[in-house]
Amino acid sequence: MQHTYSSHLSWTGNLGTGTSGYRSYARTWDISAAGKEIIHCSNDPLLGGDPGKMNPEDLLISSLSACHMLWYLHLASDAGITVLEYEDSPQATGEVLKSGAGRFISAILRPKITVVAGTNIDAATAIHHEIHKVCFIARSVNFPVTCEPEFILSEDVHSSE
């Protein structure tokens, strides 16, 4: 079964003269999709972009982390592991060659996961090793992705009431 994903990208960096010169335009654009919020983006700040906006590299590591999280929650639920909170501060490492070509060479996910007291932490940890077999994004990248989870045990079972 195949899925189709679509997006719309619109360059917003014409400062009046288009690309008439290398410094005559901004490296900004908007990403939109029907019925979804617009994401205002810019180039990597190392390349003159706006540090206050998401760049392609931010979006890639965020997508990788989000896909991992969604699969973790799914597999944890299937395994009877109750996750109360999940946050991640992933980090990707890139390199730029002398030619200017760049690529990611690795990524580390560092999820901080709160589970109910009594959870089997070995079983909760093992789920992370299964995710790379199924995660759409992780299976699509050509660099190693490692995971260093931290678990917090909670006596308090939060409700959504």
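What counts, and at which threshold
Throughout, a residue's number is its position along its own chain's written sequence, starting from 1. pLDDT decides what is reported in this predicted model: residues at 70 or higher carry local features, side-chain atom pairs at 80 or more are listed and counted, and totals for whole chains, interfaces and linings draw on all residues regardless. Water and hydrogen atoms were dropped before computing side-chain values, which therefore reflect all heavy atoms in the structure. Paired strands, in this sense, are two strands between which DSSP finds at least two bridges. Runs of E in the DSSP output that reach at least two residues are strands. Runs of H or I that reach at least four are helices, and both are numbered from the N terminus. Here the axes come from fitting lines to C-alpha atoms, over the contacting stretch only for helices, and the angles between their N-to-C directions go from 0 to 180 degrees. Note on contacts: a residue pair is in contact if any heavy atoms of the two residues lie within 4.5 Å. Among the buried residues, those of types Ala, Val, Leu, Ile, Met, Phe, Trp, Tyr and Cys that are joined through side-chain atoms within 4.5 Å form a nonpolar core. Working definition: with a 1.4 Å probe on protein chains only, accessible area under 20% of the residue-type maximum means buried, over 50% means exposed, and in between means partly exposed. Any carboxyl oxygen of Asp or Glu that lies within 4 Å of a side-chain nitrogen of Lys or Arg is treated as forming a salt bridge with it. As used throughout, domain bounds are those supplied by an automatic or database domain assignment.

Pairing is mixed in the open sheet, where three strands are placed in the order β5-β6-β8. Only two strands of the sheet have a single partner each, and these edge strands are β5 (91-96) and β8 (145-147). Averaged over all pairs of adjacent strands, the angle between their axes in this sheet comes to 20°, without regard to strand direction. Both strand β6 (residues 102-109) and β8 contribute to a ladder of three bridges, which runs parallel. Bridge assignment links Ala-107 to a residue of β8, and that residue is Val-145. Taken strand by strand, helix α1 (residues 56-78) contacts β5, β6 and β8, and its axis lies near 35° from that of β6.

With that settled, consider the nonpolar core. Core analysis: the largest hydrophobic core is formed by 21 residues, its most contacted members being Leu-64, Tyr-72, Phe-143 and Val-145. Every element with two or more residues in this core is listed here: α1, β6, β7 (112-116) and α2 (121-131). Once residues lying within four places of it in the same chain are set aside, the contact partners of Val-145 are Leu-64, Ala-107, Leu-109 and His-132.

This part covers the pattern of salt bridges. Evaluated as defined, the whole model comprises three salt bridges. When the shortest N-O distance is used, the salt bridge between Glu-95 and Arg-103 registers 2.7 Å. Here Glu-148 ties to Arg-110 by a salt bridge, and the two come within 3.4 Å at their closest N and O atoms. With Glu-148 in the loop between β8 and β9 (150-154) and Arg-110 in the loop between β6 and β7, the pair connects residues that are 38 residues apart, well separated along the chain.

Let us look at the domain arrangement of the protein chain. One can read the domain layout of the protein chain as domain 1 (8-47) and domain 2 (56-154). Between the C-alpha centres of domain 1 and domain 2 the distance comes to 29 Å.

Here we take up the sheet that holds strand β2 (residues 28-32). With antiparallel pairing, the three strands of this open sheet are ordered in space as β1-β2-β3. Looking at which strands have only one partner, the edges of the open sheet turn out to be β1 (8-11) and β3 (39-42). Direction aside, neighbouring strands of the sheet carry axes that sit 25° apart on average. In this structure, β1 lies alongside β2, joined through four bridges in antiparallel fashion. Residue pairing across strands places Leu-9 opposite Ile-31, the latter belonging to β2.

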